[in-house]
Structure formats: structure tokens, C-alpha cells
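Chain and residue survey
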Amino acid sequence: MFEKNRSTKQEPERSQPQQDTFAAPASTPASSGRAAVIGPGIHVNGDISGEESLIIEGSVDGKIRLDTHQVEVGQSGRVNADITAKVIKISGEVRGDITATEKVVILRSGNVRGNIVAPRMTLEDGAIFKGSIDMDPSETVKAKSVDPVKKVAEKPVEKVTETPKVVSSGKPGENKSYSLNGG
Amino acid sequence: MNSVISGAAGVGFTPAEPHFSRTQQSLLFPTMIKRIKPDERLSVLEIGPALPETINFFSQYKCRLHFAAMYTDPVLQMQTADCTEAELAEHIEQSFDFPKGTRLDLCLFWDFLNYLDDKALRAFNTAIRPYLHKGTRGHAFTVRTLNTSFSNQQYGIEQAHMFSIRPRPGKQAPTTPHTQAILVNLLSCFDIDQGMLLPDGRLEILMTASL
């Protein structure tokens, strides 16, 4: 009797263990919520691409490209690679350029050195970042994405030069002009 | 130096904000920000660390924000060592690590220039000059008199007229305050346009590139 009950209860829980064990992100896009994990004792030397989200607790040297999925660099994660993904969350250390089509989040324990391109960016207090952030990456991201019709329709950003304005001049009558776009 | 306005600006406490302890009002910074047109794409140098409020503030603009994190850069130790000005300049330029073709529109120096001695400041001038253009503007704190001290603090931009101030983690590096006259001499790639004397003796200044 006990044997029978045990076997019927175990049946529906069969597909859960990976998600529970590795706390795969619930909002992982275009996937069933599963995520591959590079454990703390694993070192990958080479490029990574695929159709699944990825959690990195070990170290990676190379390139990571998961265009429609999430990459999470855990606290023990050490990445020396350019990362491209839909959502990128960093609690560990990353050296490389980061491109996200949706969002980049650098958590409190994160330490990032590189350039970031993303439509949305969150940096938690205490996180360390050195590099540049493109705050309006729509053109860059669109150029990389597959939407040729929209790409053709887009007008390139025109260089604007501000008309001369008097700000505060030491010499009476002396005007200073300011151009916000370098040239 | 074209004008010095005294008074007005002050430092206040904002206990409601959990992530930083103090704020400082600015009357000069908004004049710099006001000139940004909504469609303009900016290149901004933040000499200090990346802080959430600064990122939030600039997220309303089309811009590339360069966080140089120079307060923790080895240059502050190198300047006291036996490095030549050329070596310092080379190190600073490498530390900036700007992408090729970068031309900065806004430079936020905060009080960093007062952490550089004369040799290092000349080196800084050499290193940053190639990335400026005629319209580049800068914001910094300097001093009116040399006995003014700087606290070990870091700045963020909460709003155009309000900076956030937090204690800087770690030990404060030795400071070498520069008066405006000395500053314009050593940082020759900028002219000072406006200045405002703050209650604690610091001088908030706006600068324009002088190339």
C-alpha cells in the first residue's frame, strides 16, 4: 500500500528538479524556464551560444551569445568575455562588452569593466562599474537585430550645432558658442 | 573666471533617501544641462564611480556615459612615486580607455582635480585634451583659498539642481587643492566660465574647452 502511494505521488514532480536546484529565472524568455548552469568548479574556454538561458557560477573566457535568452553571472561567476543576450544580470565579475536587447542589471556584488549597450540599465548601490553605458542604444540594437524594413526607414541622427548664445562672458559683448556634438 | 556668485547654494540632509546621506544644491549645473537639446546625442565623462542616481539622471538623454572611476585609479599613488609627467599622461589615457573617435561633450570632474598635484594635473590635461572639442563643457569643484579642505565623499546627480553626496569607501587620498588661477594654468584645455562660492569655501565652476 505504501509502495503504491509513493509511486503515484512521484509522477507529476518529475520535470522540476533542475529549475528548483538552480533557481532558473522565472521570466526566461522563449524557453520553458530552464537554464543551463556552469557550476563554480567549471572553467569554459571558448564561445557559448544556444537557445537556453544560462547561469554562470564558474568562469568563462570567450564569447557568450544567447540573443533571446537570459545570462546570469552569479556571485562566484568570473567572465572574461563579451556577452550578448536579452537580459543580463550580474552579481559576479565581468570583463568584456555587454549588449542586451532588453535589460542589464548589475547587482550590489557585481563588478563590471567594459562597455554596456542596453535599452534599460539598473545598477544597484554598491555595484562597481568602469566603462561606458550607451543610454540610447535603439539604433545600435536595431542595427544588429533582424528588422531590415525598419532599419531602412530610420533616419540617421543628424549632427546639431547650437546657435551661439551668451552664457557669462568676462569681456563685454563677447559671445561664446557651444556645440554639443563634437566636431 | 568670469563671474563668482556667493551664497545661495548649500548642503542639506535628505533622510528620506536611503541610498545617500546628503544632498547639495547647485545653481550652476542646471545651466549646463539646460543647453542640452532633447535630440542631441551626448558623450559624458563622469570621473567618479558609477552611481545609480547618475545613471537614472542621464537615462533621460541620448548619451554615452563614460565612468572613469579615477578616484580609485593607481594614478593617485603614481603621482607621488617617481613617475614622469609623460608616464602619468600615458597611464591616465589608458585608464580612460575611450573608444576610438570619442569626443566628450560634458565632463564631470567633481573634486577630483584637487587630488592631483601639479605634475599629475598637467598630465591629466595632456591625456584628456584629444577627447575634447570646442563645445566641451566641464563642471568641477575648486577652492577660493588653499586652506579649504575636501571631505572624502562621492557625488551623484539626483536632479539637475541637486547632487547626492555619499561617504567614499576607503581611506581618503591626499589632496592638493588648486585655486582657480592655478587650475586654469595647469588645466589649460579648459577656461572657467562661471563660478559659485559655496558656504564651505569650495568654488563650484563651469568650464568650456579651450583648444
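Residues numbered from 1 in each chain as written. Chains lettered and ligands numbered in written order. Predicted model: local features only at pLDDT ≥ 70, side-chain atom pairs only at ≥ 80, totals over all residues.

1. Quick notes on the overall build of chain B
In terms of helices and strands, chain B carries 6 helices and 11 strands. By principal-axis analysis of the C-alpha atoms, chain B measures approximately 45 × 40 × 35 Å. By the burial criterion, 45% of the 211 residues in chain B qualify as buried. The long-range share in chain B, meaning contacts at least 24 apart out of those at least 6 apart in sequence, stands at 67%. (Helix = DSSP H or I, 4+ residues; strand = E, 2+ residues; numbered from the N terminus. Buried ≥ 20, exposed ≤ 12 C-beta atoms within 10 Å, placed from the backbone. Contact = placed C-beta atoms within 7 Å.)

2. Some remarks on the overall build of chain A
For chain A, the helix and strand inventory stands at 4 helices and 12 strands. Residue pairs in contact within chain A that sit at least 24 positions apart in sequence constitute 9% of those at least 6 positions apart.

3. As for the packing of helix H4 (residues 85-96) of chain B against helix H5 (residues 118-128) of chain B
Residues and elements named next belong to chain B. Interaxial distance between H4 and H5 falls to 8 Å at its minimum, and their mutual angle equals 50 degrees. What the angle tells us is that H4 and H5 run oblique. With respect to the hand of their crossing, H4 and H5 are arranged in right-handed fashion. Where H4 abuts H5, its residues Glu85, Leu88, Ala89, Ile92, Glu93 and Phe96 lie against Lys119, Ala120, Arg122, Ala123, Phe124, Thr126 and Ala127. (Axes fitted to C-alpha atoms, helices over the stretch in contact; angles between N-to-C directions. Parallel < 35°, antiparallel > 145°, perpendicular 65-115°, else oblique. Left-handed = near helix turned anticlockwise from the far one by under 90°.)

4. Section: unusual backbone geometry
All names here are of chain B. Backbone geometry places Asp97, a non-glycine residue, at a positive phi of 50 degrees. Within the element layout of this structure, Asp97 appears in the loop between H4 and strand E6 (106-110). Judged by C-beta crowding, with 15 C-beta atoms within 10 Å, Asp97 ranks as partly exposed. For Trp110, which is not glycine, the phi torsion reads 50 degrees and is therefore positive. Counting through the fold element by element, Trp110 comes out in strand E6. For Trp110, a count of 22 C-beta atoms within 10 Å gives the class buried.

5. Focus: the confidence of the model for chain B
The predicted coordinates should not be examined in detail at positions where pLDDT is low. All names here are of chain B. Residues of chain B with pLDDT of at least 70 account for 91%, and the chain-wide mean is 88. Taken as a whole, residues 1-18 scores under 50 in pLDDT and shows 33 contacts with residues more than four places along the chain or in a different chain. Two numbers describe this predicted complex: its pTM, 0.76, and its ipTM, 0.85. (pLDDT = per-residue confidence, 0-100.)

6. Concerning the environment of Val37 of chain A
Residues and elements named next belong to chain A. Tracing the backbone through its elements, the reader meets Val37 in strand E1 (residues 35-38). Judged by local crowding, Val37 falls into the buried class, with 20 C-beta atoms found within 10 Å. Remark: the alpha-carbon pair of Val37 and Ser76, spanning 39 residues in sequence, is separated by 12 Å.

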